[in-house]
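# Summary of the model geometry
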Amino acid sequence: MSSSSEPTPQPAPIGFAPPYIDEATIAAVERVLRSGWITTGPETASFEHDLARYAGADRVVCGGSWTGLAGVILDWFGVGPGDEVILPAYTYCATANVVLHRGATPVLVDLPAKSGQDGLNITWAQIEPLLTARTKVIMPVDIGGWPVPCAAWKANLMRWAASHGFTSDHPVQAQLGRPLLLSDAAHSLGATIDGAPVGRQADITVFSFHAVKNLTTAEGGAAALSLPAAFDAEAVYRTLRSHCLHGQSKDAAAKFNSAGSAAWRYDVTHPGFKCNMTDIQAAMGRVALERYPDDLAHRRALADRYDAGLAAINAVQRPQREDDGRRSADHLYIIRLSAHGQPYRDALMEALGAQGISTNVHFPPLPLLTAYADRGYDIADVPHAVAAFDTAISLPIHRHMDVADVDRVVAALSAALEALNLPPTS
Ligand SMILES: Cc1ncc(COP(=O)(O)O)c(C=O)c1O
């Protein structure tokens, strides 16, 4: 018999982005572990082909992380001291760090004045005035999974390069004849533009498979190549892949599979990095990719439920998820508080935390962080990114949740807003 002094059972906590590891993933990893081949090999090759098909790309190269691959691509394109790479201030540090690692200069772009109109993405209108002869790469970020219209950006870049007589003494840049459009699609695998998957529109699109991403291999990433026809996709693939493995002319699998006593022989054509993907990671990725349409549909159902539940709450601005051409990958569900700043944001997060609901903030604008402030980036130059950061909360959205969990988050948010004396409903 229950007594009135017994505590009421608490609902299970809702984590922010726990990975979804199903039995098929465990079986695939076990199969690779038992196979005798665990580093880059047949599983990685298959995953690369599966991804190229999914993303509509000419070729995909997998690597140990987004960061490793983006760095390798900047090196291939000859980015170094004196070069500029245009990227948003409102992003994760990796986007800028890979540029700093090459001794090049990140040119940070604020969010547009009316941020929210195009999700939390930068726009072409902001980019064009910043283009100079030193601009080697433009690196937009699909924040939260909302895709930047890269096909249109590419056409704009071509027009700009033609009218400015863009030249380069680096052979790869000279072949392209304009700055490279390198999409940071860490959040947007599965997003679409005019029905086409992200992966087809930019010159190169880089995905992240980090543990919190929609599709995870624990750590990992993939670069989808969709370069102009003048480039041999297979040759670029081989170059990037060897750059992910010290610049070796043969990887371990190629040596193993070569016949004869000279099978071990290899050359190192340039001092590459070490950021290859293992077959263990690729096995996880292949299972997750096969399941991915279901995972995306699940995310969409949760995001639709958030949209419906939050529609009546005036104090909350919902994320951009769909327009007449684009569809988000719903990686993050970032709400913004319409008229209230950081103290309210933090109090709301605390109130949700007290209900067992984990939330997060994406992203502190880069100049707010010591590494960039120390390099002279000034937070006063990015007021719209600051305004977004001050009012943003990422609500949990993942495969372990169902619509009842979304309802619980919405109810807790509504109650917390009321308790804080903000206008909770219309
Ligand atoms: C926008 C963005 N770019 C790049 C990265 C880096 O990805 P990785 O951890 O795979 O290097 C992340 C990771 O969270 C990210 O959010």
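Being a predicted model, the structure only gives us computed values, none of them experimental. (Residues numbered from 1 in each chain as written. Predicted model: local features only at pLDDT ≥ 70, side-chain atom pairs only at ≥ 80, totals over all residues.)

### A word on the domain arrangement of the chain
Interface size is commonly expressed as the accessible area that is lost once the parts come together. The domains assigned to the chain are domain 1 (23–286) and domain 2 (293–419). Taking only C-alpha atoms into account, the centre of domain 1 sits 27 Å from that of domain 2. With 30 residues of domain 1 at the interface, the matching set in domain 2 holds 29 residues. Breaking the side of domain 1 that touches domain 2 down by element, the ones donating at least two residues are α4 (93–101), β4 (117–120) and β7 (192–193). For the side of domain 1 that touches domain 2, the element with the most residues is β4, which contributes three residues. For the side of domain 1 that touches domain 2, the per-class residue count stands at 15 nonpolar, 11 polar and four charged. (Domains from an automatic or database assignment. Contact = placed C-beta atoms within 7 Å. Helix = DSSP H or I, 4+ residues; strand = E, 2+ residues; numbered from the N terminus. Nonpolar A, V, L, I, M, F, W, Y, C, P; charged D, E, K, R; others polar.)

### Some words on the environment of Ala412
For Ala412, the location among the structural elements is in helix α14 (residues 403–419). On a C-alpha basis, the gap between Ala412 and Glu322 in space is 26 Å, while along the polypeptide they are 90 residues apart. Apart from residues no more than four positions distant in its own chain, Ala412 is found in contact with Leu352, Gln355 and Ile357.

### Quick word on the site of the ligand
In the vicinity of the ligand lie 14 residues, with Ser65, Trp66, Thr67, Ala186 and Ser208 positioned nearest. Every element with two or more residues in the shell around the ligand is listed here: α3 (66–76) and α4. When the residues that make up the shell around the ligand are grouped by side-chain class, the tally is five nonpolar, eight polar and one charged. (Near = placed C-beta within 6 Å.)

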